[in-house]
Amino acid sequence: MSLDLISLENIQEFAHQYGYWAVFLGILLENLGIPLPGETVTLVGGFLAGSKELNYWLVLSDAVVGAVIGGACGYWIGKFGGWPFLVQVGKLFRISDERLLNIKDQFSENATKAVFFGRFFPLLRIFAAPLAGIAEMPFRKFFLYNLLGATLWGSVMVTLAFFAGKVVSLEQLVDWVSKFAMVALLILVALIAIPIWLESRQVNRVTGE
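Residues numbered from 1 in each chain as written. Predicted model: local features only at pLDDT ≥ 70, side-chain atom pairs only at ≥ 80, totals over all residues. Heavy atoms only, no water.

Per an unreviewed UniProt entry, the protein goes by DedA family protein and derives from Umezakia ovalisporum FSS-43. Per UniProt, the protein carries the Sequence similarities (unreviewed entry) text "Belongs to the DedA family." Annotation of the protein in UniProt includes, under Subcellular location (unreviewed entry), the sentence "Cell membrane". (UniProt positions renumbered as here; feature names shortened; annotations may be inferred.)

Colleague: Kindly report on empty space enclosed by the protein, identifying the contributing residues and their values.
Modeller: A complete count under the given rule lists one cavity of 30 Å³ or more for this structure. Its volume calculated, the largest cavity comes out at about 60 Å³. N31, G71, V115, R119, L124, R125, A128, A129, F142 and N146 are the residues that line the largest cavity. For the lining of the largest cavity, the secondary-structure elements that each account for two or more residues are α7 (124-134) and α8 (139-164). The element best represented in the lining of the largest cavity is α7, accounting for four residues. (1 Å grid on protein atoms, 1.4 Å probe; cavity = no way out; pocket = protein on both sides within 12 Å on 5 of 7 lines; lining within 4 Å. Points joined across faces, edges and corners; volume = space filled by probe spheres on them. Helix = DSSP H or I, 4+ residues; strand = E, 2+ residues; numbered from the N terminus.)

Colleague: Lay out the UniProt feature "transmembrane region" (unreviewed entry) in the protein in plain terms, naming residues and giving numbers.
Modeller: Within this numbering scheme, the UniProt entry marks residues 20-49, 56-77, 116-135, 142-164 and 176-198 as carrying the feature "transmembrane region" (unreviewed entry). Between the C-alpha atoms that bound residues 56-77 there is a distance of 32 Å. The span itself is 100% helix and 0% strand.

Colleague: So what's going on with the packing of aromatic side chains? Which residues, and what values?
Modeller: In this structure the tally under the stated criterion is twelve aromatic pairs. On the basis of an interplanar angle of 25° and a centroid distance of 4.7 Å, the ring pair of Y75 and F142 is categorised as stacked. Within this pair, whereas Y75 is found in helix α4 (residues 56-92), its partner F142 is found in helix α8, the two being separated by 67 residues in sequence. Of the aromatic side chains, those joined through ring pairs into one cluster are Y75, W76, F80, F139, F142 and F143. (Phe/Tyr/Trp six-rings, centres within 6.5 Å; stacked < 30°, edge-to-face > 60°.)

Colleague: Summarise the environment of Y18; cite the residues concerned and give the values.
Modeller: Note on placement: Y18 falls in helix α1 (residues 8-18). Y18 gets classed as partly exposed once you look at its relative accessible area, which sits at 44%. Reaching out from Y18, the side chain makes a polar contact with the side chain of Q17 at a distance of 3.4 Å. (Buried < 20%, exposed > 50% of the residue type's maximum accessible area, 1.4 Å probe, protein only. Polar contact = N/O pair within 3.5 Å; in protein donor to acceptor, adjacent residues only side chain to side chain.)

Structure (structure tokens):
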């Protein structure tokens, strides 16, 4: 998708034209894996609510409902077709089935945290739900944490834009949130990758490789 089509100006125009539907569809489609900036759409919705163009509670409801439905769809996609797809990707990158199973087990152990907090991290917001399906997380448990996570994320994003948008420009707000999210993602990757790397080094020392 062309970056011109998802510029902040075009998102604002889309939100002005379609209002609450823009917020709902933006986060819903992002959760289905379509490269739409759902977070930015939600911030725009909160900003418009702060300027009285939209209703705060309706924007929040749209963000939460869109996130919940999108997450549920992602879960079932992962449950019924995610593992075969992951195996094919693993073969492409020469990752063994045993290693994939190990990753699956590790995700299963932290699935509730990933689903609940995942919306605050780029990429994880898209892939947490399908990964929960692949990991065979019970749907009732997934739905609960998906709902709680969506409510927390939607409340933070919409409320932040609602109030902060009154003192800073929308462009500045989106820039700050994007940078914070990217830093948070890098920290998360480091927290996951460093222990795996250290464990791999330990195994290599034991095996003498």
